[in-house]
Amino acid sequence: MKESFTQNMDWLHTWAGLLFGWLLFAIFFTGTLTVFDQEITYWMQPELHQVTPAPLNVEAAVHTLEQLAPQAERWWIELPSERTPVSTIRWSQDGASVSRVINAQTGQPLPLRDTYGGEFFYRFHYQLLLDQAGIWIVGAAAMAMLVALVTGIVIHHRIFKDFFTFRPKASSHRAWLDAHNVTGVLVFPFHLMITFTGLVIFWSIYMPAGIQVQYDGNMDDFWAEAESFIEPERANQKAPLVSLMDLERQARPYWKGGQTQSIVVSHPGDRHALVHIYRRSNDRLSLYNDRVSFDGVSGEIQTVWINSKPAYMAQSVLSGLHFVQFGGATMRWLYFGMGLASSAMIATGLVLWVVKRQGRHTATDGVGYRLVEGFNVAAVAGLLVATAAYFWANRLLPAELPGRELRELQVLFTTWGLCLGHALLKKFFAHCPSLRIWRTQLAMAAMLFGLLPIVNAITTESNLLQSLSQGEWEVAGLDLSFLVSGLGLAWTARRLDQSARASSRHWNSHPVASGG
């Protein structure tokens, strides 16, 4: 009975991991990059590298908004931070949202190349660029991840021994199994936490029954009551806006040592204008921002909202654990490392599926088996190649090219598709062993990542040596990460080549009938 249960759990672990593994790797890998989304965006807009950080001149930002969007329904002013040394202004009008990065002192928009930067990885991570449909797909993948984690604990009864076991020079199957176990066990609490909190963030989408009953499904009404966010309608009577700098100064004492993140103005220039000052949440676990709301004409305080409701606080802390806005650079690097371990666990599981079956199948195998092998390669190695191509496109496409941010994405997805086509062609027509295809694509990714610092030095006014000497760690950090990634991927490609050769020798000396 016990053996049957373990076998069932092993079957569930294998197929839940395989069928959702392709998607889960993309989710975890892009989520890992999202830890440094602001730094990625900064690197991908090299025009910012020459801007000297300075405190925001709020009145200059307001003047720019009055010039660019006098009839807007809402203004946003994002203050500079240690991660983003420039300010961003945004406005919404007629259902459209527009943003500009501005010089913090003059308020004038900066001429920057258009790019989605790190925002792409963030959006793809939780919704696959498919809006709410994507959120549901990611939620299903997260549930499959939880199933794989629990069943993995059940079938690995020697889990504590495996924690200290890694034999990279053992047989191909043993080495990849050890790698899978070590990356799974070493940060197992992180795997559980990051998957569960990812589901908690979208509880109102996955479990909307309460909102549908109490608020007739109106999500805006729910959040307005939960956050005490009530705004009057526009009066359509002009009135001057009070000094936002003075209001921001009045709000600071409520932060108790914290910093202001943003200023939002509803109905600017109208008698019913409201000004919301938001606290930055980078010094605590709770994700959501406290808020002080003022009358935009008289300057009187309307609402002081401090996140103190128990249920709301619990959800915001769980969300904060996922978004890792707290703890500074040290915590972000820790999450980055654990995110890479999660991605490696999924990738080694997919490789292990191939290694375990290497040699059991011949060129006459069914379409399904070869499709799985091809998709395995493209889901992991192909995404790495495509990500590197995304950064290359950012440097090589003309800065003035119209719609260049979409061109960058076209390069990424086209490259990813080409990697899939390469893997499938090699499997169906060249009958190439899967590990050799892995090696080829990982070697390509290694080359592309490893050369990125050189491409950056050639195409921009900044380079690795200069950024290191000047302490520009936002630029140097990414260049160094690209170099390390290239070296790591080159080592992995070499290791896969050795595995392919060893496996080929083994199965040549121990032939197995087709279809076994």
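Everything in this summary refers to the structure shown in the same document.

What counts as what
Residues numbered from 1 in each chain as written. Predicted model: local features only at pLDDT ≥ 70, side-chain atom pairs only at ≥ 80, totals over all residues. Heavy atoms only, no water. Helix = DSSP H or I, 4+ residues; strand = E, 2+ residues; numbered from the N terminus. Rg over C-alpha atoms; globule rule 2.2 N^0.38 Å. Buried < 20%, exposed > 50% of the residue type's maximum accessible area, 1.4 Å probe, protein only. Pairing = 2+ DSSP bridges. Contact = heavy atoms within 4.5 Å. Polar contact = N/O pair within 3.5 Å; in protein donor to acceptor, adjacent residues only side chain to side chain. Axes fitted to C-alpha atoms, helices over the stretch in contact; angles between N-to-C directions.

## Remarks on the overall build of the protein
Looking only at helices and strands, the protein features 19 helices and seven strands. For the protein, the C-alpha radius of gyration of 26 Å lies close to 24 Å, the compact-globule estimate for 516 residues. If one aligns the C-alpha atoms of the protein with their principal axes, the spans along those axes are about 85 × 60 × 40 Å. Per-residue burial over the protein gives 49% buried out of 516 residues.

## Let's talk about the pairing of strand 5 (residues 274-279)
Within strand 5, six of the six residues are buried, leaving the element largely enclosed by the surrounding structure. Because side chains alternate across strand 5, one face comprises the buried residues Leu-274, His-276 and Tyr-278, and the other comprises Val-275, Ile-277 and Arg-279, equally buried. Direction of pairing for strand 4 (residues 260-266) relative to strand 5: antiparallel, over a ladder of six bridges. Each residue of the ladder has a partner; that of Ser-262, found in strand 5, is Tyr-278.

## Describing helix 11 (residues 219-226)
Where helix 11 is concerned, the buried positions are Phe-222, Ala-224 and Ala-226. On its buried side, helix 11 packs onto helix 9 (203-206), helix 10 (209-215), strand 7 (301-305) and helix 13 (310-323). Looking at where helix 11 begins, the residue whose side-chain oxygen comes 3.1 Å from the main-chain nitrogen of Asp-220 is Asn-218. Following helix 11 by one or two positions, Ser-228 has its phi on the positive side, about 50 degrees.

## Considerations on the sheet that holds strand 2 (residues 87-93)
Either a parallel or an antiparallel arrangement is found when strands of a sheet pair, and the pairing is made through backbone hydrogen bonds. Pairing within the open sheet is antiparallel, and its seven strands lie in the order 3-2-1-4-5-6-7. Both edges of this open sheet fall to strand 3 (96-102) and strand 7, since each of them pairs with a single strand only. Going from strand to strand, the sheet's axes swing by 15 degrees on average, the running direction of each strand aside. Across four bridges, strand 6 (residues 291-295) lies against strand 7 in antiparallel orientation. Within strand 7, the residue paired with Ser-293 across the bridge is Thr-303.

## Structural notes on unusual backbone geometry
The phi torsion at Asp-216 lies on the positive side, around 55 degrees, for a residue other than glycine. Its place among the elements puts Asp-216 in the loop between helix 10 and helix 11. Taking the relative accessible area as the measure of exposure, Asp-216 reaches 73% and is therefore exposed. The phi dihedral of Asn-236 falls on the positive side, at around 60 degrees, and the residue is not glycine. Along the chain, Asn-236 turns up in the loop between helix 11 and helix 12 (244-251). By relative accessible area, Asn-236 is classed as exposed at 66%.

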